[in-house]
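# Tertiary structure, described
So the chains spell out like this:
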Amino acid sequence: MSIPSQKVSSSNKLIYQRLKQAIDLNLRRQIFIAACDDLCLRDCLAARLQTELAAESAGSDPRSPINYPRFVSLELDLSDPNPWGSIAAWLTHHPPPQNRGSYSPLPGFQILGAEHLTRQSAAVQWSFLSYLRDIEANLQMCESTLLLWVSRPWLSSIEQSAPEFWHWRTGVFEFEGEPTPAKEDFRHFEDFGNSGDLRNLRDSGDFGNQLLISSWSGQSPIPDEQFPISYPPSPAPDSKSVQLTDDEQSPISHSPSPAPDSKSVQLADLVLAAASEDLEAENNPASEENFLPLQTLQYIELLQEHQCCSEALALAYHGLGNYYRDRILGGDVSEQNLTIAIRAIEQVIAYLDVDTNSQQNQPLTEECARLIAQLTENLTQYAQESHSLPPISDLLNDLGTLYWMLSRDRTQHNASDPVSSLERSIALYLEGLNRTDAETVPQTRVRLNKNLGIASADLARYRDKTENLQHAVAAYQQALLDLDPAVEPQQYAAAQNNLATAYWNLAQDGEPIVYLKSAIAAYTQALSCYSPEREPLNYAGVQNNLGTACWNLAQHEPSESLLVRAISAYREALKYRTRELVPAAAAATYNNLGTAYWHLANQFQQKQARMESLQQAITAYEAALDIAGEIYQTQLTFDTLAARNNLGLAHYQLATDPNFAANKVAQTSHLEAALHHQLQVCAEWGQHLNDKGLTYGDKLNLQAAANSQAADSRQTALSYIVKTIRAFYSECGLPGQNLALSKVPGDLLPEILRRL
C-alpha cells in the first residue's frame with residue numbers, strides 16, 4: 001500500500017489516536033467503521049495505521065511459530081464485494097498454527113475500496129449490503145479486529161439496510177473532509193507531528209453491542225417523618241473495602257479454571273455495550289481509564305485460553321468489578337453498571353468456589369505466570385487494589401448490596417422486579433452470615449446483619465409486612481451485639497436508629513404501645529452517640545424521629561408530657577435542620593411541630609396556655625408552608641393541603657376561643673386568615689382536578705386514592721368555611737357575614753349558601 005502525504009489537523013489527530021487506541025486492544029470481534037469522504041485523508045490514515053501497528057508488532061513474542069503482521073489492508077473486490085471472502089482468502093494463504101498451545105493472535109484487517117461501489121450496478125451494491133447482513137454466519141472471521149472504511153453515504157446505507165452488521169459494530173469514527181471524486185496516487189507521507197491544519201472531525205466512537213465491591217459509606221441516612229406519618233425510608237446498606245494484610249492473604253492455588261461459560265460471555269457483552277455508550281457520549285473524552293474494562297476482558301480471555309488458575313480469574317473479575325464500583329460510588333448508579341458489577345462479583349465467587357472445591361493443584365505454566373504478572377502490574381490502580389481478594393463473606397455482602405440497589409432503581413429502563421432483587425439480597429446476606437466463623441472480624445457480621453435488616457424492612461413494603469419487619473428487628477439486634485458504642489459510636493447510633501424505625505413501622509399494624517416505647521428507647525440510645533457538632537443532620541434526623549414516635553404514642557396513651565417531649569425534640573431538630581441547608585426536611589419538621597402544638601392545645605391546656613400553643617401551631621404551619629412554596633412539590637414529604645387545613649383550623653379556634661373575644665380586631669384578623677386558608681384549600685383542590693381532567697361529579701375517578709384525598713380535603717375545607725362564616729356573623733353581625741361572603745368565589749357561593 002502506497003503511503004500518501006496529507007496534513008492532519010489536531011482534531012483529526014485526536015480521532016485517529018482514539019481509533020488506534022481501540023485497535024491496539026486487539027480484542028476478539030472488534031468491528032469498527034471509519035467514515036471519511038476525503039479519499040486523500042482516508043489513504044493517509046489507513047497507511048499510517050498499518051505502518052504504526054506493523055512497527056509495534058516488531059517486538060512481538062519470538063516464540064510464535066507464525067510471524068503474522070499486526071494489521072492487514074485488503075481491497076474490496078468490486079466484482080464480488082464480499083469482505084468475509086477477502087479475509088478468508090488471506091487466511092487460506094496464511095493459515096494459523098495447529099498447535100493452540102502457542103499463542104499467535106490473528107492480525108486485524110482493514111477493508112478499503114467501498115467508495116467505488118457507487119459506480120457499480122445496483123445488484124453489486126445490494127450484494128455488498130447482503131454480505132454485511134450475513135455477519136453472524138461469518139463471526140469466525142472476526143476473532144480479531146475488522147475496520148471497514150466507507151464514505152458517509154455508505155455509512156448511512158449500512159445503518160439502514162444492514163442492521164445486523166450495524167448491531168455488531170464496536171465503534172464508529174467519523175472524519176470530516178470534503179468529498180473527492182476519485183482516488184489519487186500519492187507518493188509521500190508527512191508525519192503527524194509536523195502536520196499543519198486539516199478538516200475538523202467528529203468522533204462518535206462506541207464500543208459494542210451492549211460495585212459496590214467496597215467502600216460504601218458505613219453511615220446510613222436518617223429517615224424523615226411527616227404528619228400524617230408515612231413509613232420512614234430505610235437507610236442504605238453499607239459495604240466496606242477489605243484490605244487483607246500479608247498474613248491474611250492466601251497464596252494462589254493452582255487448580256485449573258473451567259472453560260468460559262455463558263455467564264462470562266454475557267458479562268463480556270455487557271461490558272462491551274457499556275464501553276460503546278461511553279465512547280459515543282459527546283462530552284466524554286477518550287482516556288486510558290475508558291479502555292480499562294476492555295483491557296481486563298482481554299486478560300480474562302487469555303487467562304481462560306491458557307487454563308490459568310481459578311483464583312487468577314477471580315482476581316481479574318474482581319478488578320473489573322472495582323472499576324464499576326468506582327463508577328457507582330461516583331454517582332452513576334444505572335441499571336447497566338449495577339448489572340455488570342453484579343455479574344462480575346458472581347464470577348469472582350464462582351471461581352473461588354471452584355478453587356475451594358477442586359482437589360487438583362497444578363504448577364503454574366510459564367505463560368500463566370506471565371499473564372498473571374501483567375494483570376497485577378499493568379492494569380493501573382484497579383489491578384493494584386485487587387492483588388488479593390476479600391473474604392467470601394465480604395463478597396457476598398457486596399453482592400447482596402448490589403441487588404438491594406437494583407431493587408431501588410426506579411428508572412424507566414429498569415425492568416427488574418424489586419421483590420425478586422430483595423429476596424436475592426436477603427439470601428446473600430444470610431449466606432454471608434453462614435460463612436462467617438470465630439475468626440471473622442466483628443465488623444463483617446455487623447455489616448451483614450445491618451444490611452440484612454435494611455433489606456428485610458424494604459421487603460416488608462411489598463409483602464408479609466409484620467414478619468419481615470420482625471426479621472429486620474432481629475437482624476439489627478444482632479448487629480448491635482457486635483458493636484461497642486464507645487469504639488464505634490456512629491455505627492452504633494445508625495443501627496439503633498434503624499432498629500427504632502423498624503419498631504415504629506411495626507407499631508402501625510399492631511401492639512402500638514409496646515412497639516412505640518421500644519422505638520423511643522432506641523432513638524434515645526442513638527442520640528446518646530450522635531454529636532450535633534460533628535453530625536448535625538444525623539442528630540437532627542433522629543431528634544425528628546424521636547418527636548414523631550412520642551407524638552404517635554400520645555395518640556394511644558394520652559399524655560401531656562409525651563407531647564411536650566415531642567415538641568422539645570422537634571425544636572432541637574430545627575436548630576440544625578434549617579431552611580437554608582435542608583429546606584424539605586425543615587418544612588416537614590415544622591409541620592410536625594405545628595401538629596404537636598395543636599394537639600397539646602386541644603387535649604391538655606386551658607385559657608392562656610391553650611391560646612399560646614395555638615399561636616405556636618400557627619407559626620409552625622406558616623413556616624412549613626412558606627418553605628414548601630419555595631421548593632419543588634416532589635421534594636416534600638407531607639401533605640400541604642392538610643397542613644393548610646390545619647392552619648386555618650388553628651386560626652378559627654383561636655378566634656372563637658372565649659378568652660380571646662375581648663380583642664375584636666385580632667379576632668377578626670384570625671377569622672379572615674382562617675377563611676383565606678380554607679378557600680385556598682378549595683382552590684388547590686380544584687386545580688388538582690383540572691390537572692387530572694376531572695370534574696367534581698366524576699365519582700368513578702374520585703375513587704382513586706389521590707383524587708379521594710383531594711375530595712376529602714375539599715369537603716373538610718367547605719365545612720370549615722361554613723363554620724367560619726357563621727363565626728363572622730356571630731362575632732361581627734351581618735356586616736361581618738357579608739364581608740366573609742364577599743371573599744368567596746362565585747362558583748362556591750351556591751353550595752356555601754345551601755349549607756348556611
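Because the structure is a prediction, the values reported are computed rather than measured.

Here the focus is helix α20 (residues 560-574). Two residues of an α-helix separated by three or four positions point the same way, owing to the 3.6 residues in each turn. Between the first and last C-alpha of α20 there are 21 Å, a value that for 15 residues agrees with the 21 Å anticipated at 1.5 Å per step. Within α20 the residues assigned to the buried category are Leu562, Leu563, Ala566, Ile567, Ala569, Tyr570, Glu572, Ala573 and Leu574. Each element contacted by the buried residues of α20 is listed here: α19 (536-556) and α21 (583-603).

Attention now moves to the packing of helix α13 (residues 392-408) against helix α14 (residues 418-434). Angle between the axes and distance between the axes are the two parameters that describe a pair of packed helices. Put simply, α13 and α14 touch, their axes get as near as 8 Å, and they point 165 degrees apart. On the basis of their axis angle, the class for α13 and α14 is roughly antiparallel. Once α13 is placed against α14, the crossing between them reads as left-handed. Where α13 approaches α14, its residues Ser393, Leu396, Asn397, Leu399, Gly400, Thr401, Tyr403, Trp404, Leu406 and Ser407 are matched on the opposing element by Pro418, Ser421, Leu422, Arg424, Ser425, Leu428, Tyr429, Glu431 and Gly432.

Tallied over the entire structure, the rule returns 9 aromatic pairs. Ring centres of tyrosine 539 and tyrosine 576 lie 5.6 Å apart, and the angle between their planes is 85 degrees; this geometry places the pair in the edge-to-face category. One end of the pair, tyrosine 539, is in helix α19; the other, tyrosine 576, is in the loop between α20 and α21, and 37 residues separate them in sequence. Judged by relative accessible area, which is 23%, tyrosine 576 ranks as partly exposed.

For the rest of this paragraph, the subject is the pattern of salt bridges. Throughout the structure, instances matching the rule amount to 22 salt bridges. Between lysine 465 and aspartate 509 there is a salt bridge, with the nearest N and O atoms lying 3.1 Å from each other. Taken together, the positions of lysine 465 in helix α16 (residues 465-481) and aspartate 509 in the loop between α17 (489-507) and α18 (512-527) put the pair 44 residues apart, joining distant regions of the chain. For lysine 517, the salt bridge goes to glutamate 557, with nearest N and O atoms at 3.7 Å. One end of the pair, lysine 517, is in helix α18; the other, glutamate 557, is in the loop between α19 and α20, with 40 residues separating them in the sequence. Relative accessible area serves as the criterion here: at 43%, lysine 517 is assigned to the partly exposed category. Overall, glutamate 557 belongs to the partly exposed group, its relative accessible area being 29%. Among the charged side chains, a network of salt bridges with common partners joins Asp37, Arg152 and Glu174.

This part is about the nonpolar core. Among the nonpolar cores identified, the biggest contains 145 residues, and Leu19, Leu49, Leu147, Trp149 and Phe175 are the most heavily contacted of them. Residue contributions to this core peak at 11 residues, all from α17. In terms of nonpolar packing, the next biggest core, distinct from the first, is built from 31 residues, Val72, Val124, Leu129 and Leu148 among them.

A separate point is helix α5 (residues 152-161). Within α5, the full set of buried residues consists of Trp154, Leu155 and Ile158. When α5 is viewed along its axis, its buried side chains cluster within an angular range of 105 degrees and face the same direction. Every exposed residue of α5 that faces more than 90 degrees away from the buried side is listed here: Pro153 and Gln160. In the core, the buried residues of α5 are packed alongside β1 (30-36), α4 (122-133), β4 (145-150), α6 (163-167) and β5 (171-175).

With 7 of its 7 residues buried, β1 lies for the most part within the structure. Burial along β1 is two-sided: Gln30, Phe32, Ala34 and Cys36 and Ile31, Ile33 and Ala35, pointing in opposite directions, are all buried. Across 6 bridges, β1 lies against β4 in parallel orientation. The residue of β4 that forms the bridge with glutamine 30 is threonine 145. Where β1 meets β5, 5 bridges bridge the pair, whose relative direction is parallel. In the strand pairing of β5, phenylalanine 32 is matched with glycine 171.

In this model, the protein chain carries a mean pLDDT of 77, and residues with pLDDT of at least 70 account for 73%. In the predicted structure, residues 1-5 sits below a pLDDT of 50 and forms 27 contacts with residues beyond four places in sequence or in another chain. Confidence drops under a pLDDT of 50 for residues 182-236, and excluding neighbours within four residues, the segment shows 249 contacts in the predicted structure.

Cut-offs applied
- Residues numbered from 1 in each chain as written.
- Predicted model: local features only at pLDDT ≥ 70, side-chain atom pairs only at ≥ 80, totals over all residues.
- Heavy atoms only, no water.
- Helix = DSSP H or I, 4+ residues; strand = E, 2+ residues; numbered from the N terminus.
- Expected span 1.5 Å × (residues − 1).
- Buried < 20%, exposed > 50% of the residue type's maximum accessible area, 1.4 Å probe, protein only.
- Contact = heavy atoms within 4.5 Å.
- Axes fitted to C-alpha atoms, helices over the stretch in contact; angles between N-to-C directions.
- Parallel < 35°, antiparallel > 145°, perpendicular 65-115°, else oblique.
- Left-handed = near helix turned anticlockwise from the far one by under 90°.
- Phe/Tyr/Trp six-rings, centres within 6.5 Å; stacked < 30°, edge-to-face > 60°.
- Salt bridge = Lys/Arg side-chain N within 4 Å of Asp/Glu carboxyl O.
- Core = buried A, V, L, I, M, F, W, Y, C linked by side-chain atoms within 4.5 Å.
- Arc of directions from axis to C-beta.
- Pairing = 2+ DSSP bridges.
- pLDDT = per-residue confidence, 0-100.

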